[in-house]
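If you want the building blocks of each chain, they are given just below.
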Amino acid sequence: MQLRCVIVDDDEAFLQVAQALLERHGVTVAGVAHSCAEAVQRAQALRPDVVLIDIRLGEESGFEAAGQLADNGQAAALIMISTHARDDYADLIAESPAAGFLPKAELSAAAIRRILAAR
């Protein structure tokens, strides 16, 4: 199954690396966003299967973006990503509408598919 995703992150270098990595392994990156507002806009316009959301978006919180997407009825699976360990945000992840969490160092098409399969 060809997955389509939107990546939400304020780090342009990471966005480029993540897009190349995911597309090399069969995930289409339909778009990117740098803020909560852009995340909502891109997800509504592009209707991805998955939205990967960095927990720390500069002055904003990725959890805020996840909440806005869920409140807008976004059907895409929301996956939180971070350079930090899951344990650093375990309570917030559990309380969020996210389907799962991936450390950025472990980001891969296979890891995304595992989260989706467990959903």
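Residues numbered from 1 in each chain as written. Predicted model: local features only at pLDDT ≥ 70, side-chain atom pairs only at ≥ 80, totals over all residues. Heavy atoms only, no water.

Engineer: Got a minute to help me understand the sheet that holds strand β6 (residues 77-82) in this structure?
Structural biologist: Pairing between sheet strands relies on hydrogen bonds along the backbone, with the strands arranged either parallel or antiparallel. Spatially, β2-β1-β3-β6-β7 is the arrangement adopted by the 5 strands of the open sheet, whose pairing is parallel. Both outer strands of the open sheet, β2 (27-33) and β7 (100-103), are each paired with one neighbouring strand and no more. Across this sheet, the average inter-strand angle for adjacent strands is 25 degrees, counted without regard to direction. Pairing of strand β1 (residues 3-8) with strand β3 (residues 50-54), which is carried by 4 bridges, proceeds in the parallel orientation. Looking at β3, one finds that Ile7 is bridged to Leu52. Helix α5 (residues 109-118) contacts β1, β2, β3, β6 and β7 of the sheet and is inclined by roughly 165 degrees relative to β7. (Pairing = 2+ DSSP bridges. Helix = DSSP H or I, 4+ residues; strand = E, 2+ residues; numbered from the N terminus. Axes fitted to C-alpha atoms, helices over the stretch in contact; angles between N-to-C directions. Contact = heavy atoms within 4.5 Å.)

Engineer: I'm lost on the packing of aromatic side chains in this one. Help?
Structural biologist: When we look at a pair of aromatic rings, we describe it by the centre distance and by the angle of the planes. Considering all chains together, one arrives at 1 aromatic pair under this definition. Relative to Tyr89, the ring of Phe63 lies with its centre 6.2 Å away and its plane at 50 degrees, an arrangement referred to as tilted. Residue Phe63 is found in helix α3 (residues 62-71), and its partner Tyr89 is found in the loop between β6 and α4 (90-95); the two are separated by 26 residues along the sequence. By relative accessible area, Tyr89 is classed as buried at 15%. Against the face of Phe14 rests Lys104, its NZ or CZ located 4.2 Å from the ring centre. (Phe/Tyr/Trp six-rings, centres within 6.5 Å; stacked < 30°, edge-to-face > 60°. Buried < 20%, exposed > 50% of the residue type's maximum accessible area, 1.4 Å probe, protein only. Lys NZ or Arg CZ within 6 Å of the ring centre and 35° of its normal.)

As far as function goes, none of this settles anything; it's purely spatial.
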